[in-house]
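The chain contents come next:
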Amino acid sequence: MLSPVNPESCNLTPISGRPMSTLIAKLLRINLTDTFFSEEKIPDRQIKRFISARGLGAIYLFDEQAPAVDPLSPDNKLLLLVGALGGTGLQGFSKWMVMSKSPLTGTIFRSVTGGNFGVWMKHAGYDLMIVEGKAAAPTYIHIDEGGVQFLDATGLWGLDYRRLQAQLKENHGQRTESACIGPAGENIVRYAVIHSGERTASRGGMGTVMGSKNLKAVSINVPIKKPSPFDPASFKELIKTQVDILKEHPRKQTMATLGTPYITKIVNMMGILPTKNYQEGSIPTIEDLSGDRFFELKKARAGCYNCMTRCGGMRDVTLGPFKDSRIDGPEYETIFAFGPLIGLSDRQFIIDANALCDAYGMDTISTGVCVAFACELFARGIISSEDADGLNLTWGNKEGLFSLIEKIGKSQGFGRLLGEGVKRAAEQLGGDALVLAMHIKGLELPGYEPRGVKGYALSMATSNIGGSHMYGRPREEFSGQADPLVESGKGEMIARVQKEQALEDSLIACTFGNTGLDLTMYTRLLLAATGIDEFGSAEKLVNIGERIVSIERCFNIREGFERKDDMLPLRMRREPLQEAGPATDQTIANLEHLLDEYYQALGYTDRGIPGIERLQKLDLPEAVEDIKTRMSTGAAVSPGRSGEP
Ligand code: SF4
């Protein structure tokens, strides 16, 4: 029997005033400790400076979150955000994201996902939800026409996302959509995900933050209420243009058919397919993992709300809790993580391991990197089978590795150590383990070997969220427009792609689903959608992108991050890459020079701290004051250059 924890708190009240269109709505603040909620207007000034989604999340976290908060404490805030263009007829703009301080990295973090939840947020009238505090007992939030309810989730604790979502639909109606966690989030595995339908906000432990708050789900069932653009006729015309572009775009066709698995052969050819814990860069059995071979296993298409690309694919599961069902996957990142990275090229194992992670609610990249770390420790005799609860962790030993994933999800034995993430696990083990942990700022590395794509390496090293492949992707290094093995001159390129990514994350434009759109098109779309002049030129939009990267940087500076943390694992700087075709014997020889170029392009000091003048130019007065104080007190951490390892 469901009962509101505090029915009196269902006090939805209309807010006064509104932005220029209903495309940017309002903020719902939820306090779990006090079982209290309120609605707030998002100030026009913040919308004009940051648009929506990642931009708004960054400024709210900077403004509201005190420094040095433990990410797993009630003081950490969890933000759910949808983009200004979400829920409209635009294709591939209806994803949503989660932001918080990450329990893996201790930095600001954002994790993007699909499914329907973001659009349901729009229908409910919210562009941003800020969840604060911690519930006294397992709780879920339900939003419907009656308001916001705090409900008892004791009976839902322990459920995987499928059973949970089914139960929420039974409780609140079949149109209910939710953002929810599985057992790994409850068990405080540091890389737990948040599910939305079959999709996940995977990286950075956003599900762990949710679990630490005793929050199992946020569910919504409200009538459809489409946002109205500022200039409906122009906006409609632009949607038509986008659809026409997409119909003809070759990359859209590839994504619609093969999805991200098409990438495997390209990265293998470039020698940047991370193999055996980033020791090697390609595998001879790549045909087994090609997009075509995964296509053979595809049973149905899948995708996010209002996306004609629909890049996902449903495939059969043969092992684990989801045996005899289908999952939407695997993506390229899961293929690398449960394939070459751990010494395998078995498609069905990859799908089954993907499903196992889904059942517990864990990020497949971080899980795969932790498993690969354990395999290398085992291969080098640093740990024994006894240390690993009797498991045989030989490279490619499917039975042992599958069991290890399960142990991580349950947070049992050796799995509990790996559930801390590869950085903390290595710190606990000490000695040689420290140089085998493949992470940047605590976030496990993605499926692109940094030594073979020097600009990408710089982007990962400087990313404000740690080792992410989605913080700034230099397409030029993949298209042949820039030599991926050349280091010099990449600083400016990476500063530019990171700004563009920040802009796209603030719309939210799906990297795979917005094919063919450029800055001019974004300008026209935003103008038609919102009528806000500040979005009226490509230059202004790029400026917003830089503002977002800079405010995120300032958040991290306050947390003690600077140049020494813009670092790649020692392996990438010292150990020549093996079995990597054109990238064989590569290292990142001069990261310091790359950092100097990058800092210069963004107006940072040589300690990697945004310069006062540039912050003023970016209209970030709150950051100016903060950085000035820190610089004058020397509180912006230790001076000096990059550390080891
Ligand atoms: S391209 Fe794929 S990830 Fe992007 S919106 Fe479409 S279905 Fe979702």
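Here, the structure is the one placed above.
Nothing here was measured: the structure is a model prediction, and the numbers come from that model. (Residues numbered from 1 in each chain as written. Predicted model: local features only at pLDDT ≥ 70, side-chain atom pairs only at ≥ 80, totals over all residues. Heavy atoms only, no water.)

Novice: Can you walk me through unusual backbone geometry in this structure?
Specialist: Where the residue is not glycine, phi is negative for most of them; where a peptide bond is considered, it is trans in most cases. The residue after Gly 329, namely Pro 330, is reached through a cis peptide bond having omega 0°. In this structure, Pro 330 sits in the loop between strand 15 (326–328) and helix 11 (332–337). Of note, the amide linkage connecting Leu 507 to Ile 508 takes the cis form, showing an omega dihedral of -15°. The backbone of Ile 51 shows a phi angle near 65°, a positive value even though the residue is not glycine. Tracing the sequence through the fold places Ile 51 in the loop between helix 1 (44–50) and helix 2 (53–64). Overall, the relative accessible area of 0% leaves Ile 51 in the buried class. Its identity is not glycine, yet Ser 411 carries a phi of approximately 55°, on the positive side. When you line up the elements, Ser 411 lands in the loop between helix 14 (398–410) and helix 15 (413–418). Ser 411 sits in the buried class, given a relative accessible area of 12%. (Helix = DSSP H or I, 4+ residues; strand = E, 2+ residues; numbered from the N terminus. Buried < 20%, exposed > 50% of the residue type's maximum accessible area, 1.4 Å probe, protein only.)

Novice: Explain the side chain of Asp 328 here, please?
Specialist: Considering the arrangement of structural elements, one finds Asp 328 in strand 15. Engagement of the side chain of Asp 328 in a polar contact is seen with the side chain of Arg 199, the distance being 3.0 Å. Separated by 3.2 Å, the side chain of Asp 328 and the backbone nitrogen of Gly 313 make a polar contact. If sequence neighbours within four positions are ignored, Asp 328 has contacts with Glu 198, Arg 199, Ala 302, Gly 312, Gly 313 and Met 314. (Polar contact = N/O pair within 3.5 Å; in protein donor to acceptor, adjacent residues only side chain to side chain. Contact = heavy atoms within 4.5 Å.)

Novice: I'm lost on the packing of aromatic side chains in this one. Help?
Specialist: One pair of aromatic rings is described through two measures. These are the centre distance and the angle between the planes. Summed over the entire model, instances satisfying the criterion amount to 14 aromatic pairs. Each ring, one from Phe 93 and one from Tyr 522, has its centre 6.5 Å from the other, and the planes form 80°; the classification is edge-to-face. Of the two residues, Phe 93 sits in the loop between strand 3 (78–82) and strand 4 (96–101) while Tyr 522 sits in helix 20 (residues 519–530), which places them 429 residues apart along the sequence. Since its relative accessible area comes to 0%, Phe 93 is described here as buried. Tyr 522 gets classed as buried once you look at its relative accessible area, which sits at 2%. Considering the side-chain rings of Tyr 332 and Tyr 448, the 5.6 Å spacing of their centres and the 45° angle between planes classify their relative orientation as tilted. With Tyr 332 in helix 11 and Tyr 448 in the loop between strand 17 (443–444) and helix 17 (454–462), the pair connects residues that are 116 residues apart, well separated along the chain. Members of the aromatic cluster, joined through ring pairs, are Tyr 278, Tyr 332, Phe 336, Tyr 448, Tyr 456 and Phe 478. (Phe/Tyr/Trp six-rings, centres within 6.5 Å; stacked < 30°, edge-to-face > 60°.)

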